[in-house]
Amino acid sequence: MKIGMLTSGGDCQGLNAALRGVAKTLYNEMGKGVTLYGIRDGYRGLIEGDYHEMQPDDFSDILTLGGTILGTSRQPFKQMQRPEEDSEQTRLDKMLKTVKKAGFDCLVILGGNGTHKTANLLRENGVNVVTLPKTIDNDLWGTELTFGFQSAVNIASEVIDSIHSTAFSHSRVFIVEIMGHKAGWLTLHAGIASGADVIVIPEIPYSAKKIAQAIEKRAKDGKRFSIIAVAEGAVSREEAAMSKKEFKAAREAMPYPSVSYRLAAELKELTGQEIRVTIPGHFQRGGAPCAADRVLSSRFGAAAAELIREGKFGNMVALRDDKIVSVPLSEVAGKLKTVPPDCEIVAQARALGLSMGD
């Protein structure tokens with residue numbers, strides 16, 4: 001059996017651990033009956049036919065290695081020589097041609113939401129596909145956890161932890177901007193884990209006045225500082241009431257590099273306090289995966305290999321009730337898992353005395 005493997009979308013921790021899990025399980029259970037091929041730089045490699053045969057040694061000593069040994073690309077199609085021919089059908093035709101030419105019996109695809117949409121498109125066109133859910137945003141529908149998420153939570157929490165002493169010493173308000181355009185899972189978990197005072201996520205539109213009131217209440221209670229964890233995709237109440245067209249125009253006209261800097265200016269005006277913004281950015285995606293992600297990635301990899309061995313294609317491996325299950329790609333593609341504003345963890349955050357900015 002010839003199997004092509006690719007990692008697509010943004011980088012995150014645990015990709016190599018997952019690749020290793022797939023490979024080791026297949027080699028252990030199928031031996032010489034399987035040949036693995038690495039497809040370079042995600043779907044770009046599949047479009048351009050850029051793949052190479054891999055050996056068991058290629059998967060040694062990569063469990064703790066960050067990044068991906070196969071490379072990845074979030075927008076690979078922009079690299080095509082003739083972008084005027086870069087239609088969805090053209091890209092699909094080129095990918096299908098590569099699959100046929102290489103003689104791949106199956107593709108193992110690791111990625112997030114956009115990656116799974118394309119994987120499902122390949123499935124609909126007759127390609128045997130098995131996928132693994134990776135994203136630091138934990139926003140992929142069908143699984144309780146994605147690998148990469150816990151590592152990013154750890155890093156974001158450490159950043160906020162480190163800000164505490166500076167915020168206390170200078171009696172300042174600090175905003176820490178956490179990754180997450182459409183879903184606030186990372187900000188919510190990191191904020192709770194690090195003892196942030198205010199957590200602002202995309203699913204709960206914020207009021208600058210409400211946040212200012214939370215800061216002023218802490219000051220009256222003798223607290224010398226406040227820390228606000230803000231998701232990069234946070235929206236104000238005013239923005240939430242806008243149409244998509246109005247929102248896009250408003251953001252394009254915004255004179256600040258991100259929503260956190262705008263909020264800092266608003267809070268300074270409302271409270272008179274100095275506000276500082278810290279953006280850890282891609283630090284949250286980098287470095288070695290934490291132990292929890294190594295375990296989860298390995299479990300996902302082993303389960304994906306079992307689906308291949310059993311011929312159960314067209315599925316994503318997922319975690320539900322601490323068990324690895326398979327979910328049809330048709331149910332996953334195009335769906336986003338966001339934070340329900342009335343979910344248990346949000347209620348518990350409020351019970352702990354955290355402000356959600358609303």
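Before any of the text, the structure's been laid out above.
The following paragraphs examine the structure supplied in this document. (Residues numbered from 1 in each chain as written. Predicted model: local features only at pLDDT ≥ 70, side-chain atom pairs only at ≥ 80, totals over all residues. Heavy atoms only, no water.)

1. With respect to the sheet that holds strand β9 (residues 275-278)
An order of β7-β8-β6-β9 is seen for the four strands of this open sheet, with the pairing classed as parallel. The open sheet is flanked by β7 (198-200) and β9, the only strands paired with a single partner. On average, each strand axis in the sheet is tilted by 20° relative to the strand beside it, whichever way the strands run. Alignment of strand β6 (residues 173-178) against β9, held across four bridges, turns out to be parallel. Note on β9: the bridge partner recorded for Val173 is Ile275. (Pairing = 2+ DSSP bridges. Helix = DSSP H or I, 4+ residues; strand = E, 2+ residues; numbered from the N terminus. Axes fitted to C-alpha atoms, helices over the stretch in contact; angles between N-to-C directions.)

2. Description of unusual backbone geometry
A negative phi holds for most residues other than glycine; trans holds for most peptide bonds. At Asn138, a position not held by glycine, the phi torsion is positive, near 55°. Counting through the fold element by element, Asn138 comes out in the loop between β5 (129-133) and α5 (149-170). On the accessibility criterion, Asn138 (3% relative accessible area) is buried. Here the phi dihedral of Asp321 falls at roughly 55°; this positive angle occurs in a residue that is not glycine. Inspection of the secondary structure assignment puts Asp321 in the loop between β10 (315-320) and β11 (323-328). (Buried < 20%, exposed > 50% of the residue type's maximum accessible area, 1.4 Å probe, protein only.)

3. Some points on the pattern of salt bridges
A complete count under the given rule lists 16 salt bridges for this structure. Two residues, Asp358 and Arg350, come together in a salt bridge whose shortest N-O distance is 3.0 Å. Within the structure, one salt-bridge network assembled from shared partners comprises Arg40, Asp41, Arg44, Glu48 and Asp50. (Salt bridge = Lys/Arg side-chain N within 4 Å of Asp/Glu carboxyl O.)

4. Let's talk about the packing of helix α6 (residues 185-194) against helix α13 (residues 344-351)
Where α6 meets α13, the closest approach of the two axes is 11 Å, and the angle between their N-to-C directions is 35°. For the element pair α6 and α13, the recorded crossing hand is left-handed. Between α6 and α13, the residues in contact are Leu188, His189 and Ile192 and Ile345, Val346 and Ala349, respectively. For the contact of α6 with α13, the residue count by class is five nonpolar, one polar and no charged. (Left-handed = near helix turned anticlockwise from the far one by under 90°. Contact = heavy atoms within 4.5 Å. Nonpolar A, V, L, I, M, F, W, Y, C, P; charged D, E, K, R; others polar.)

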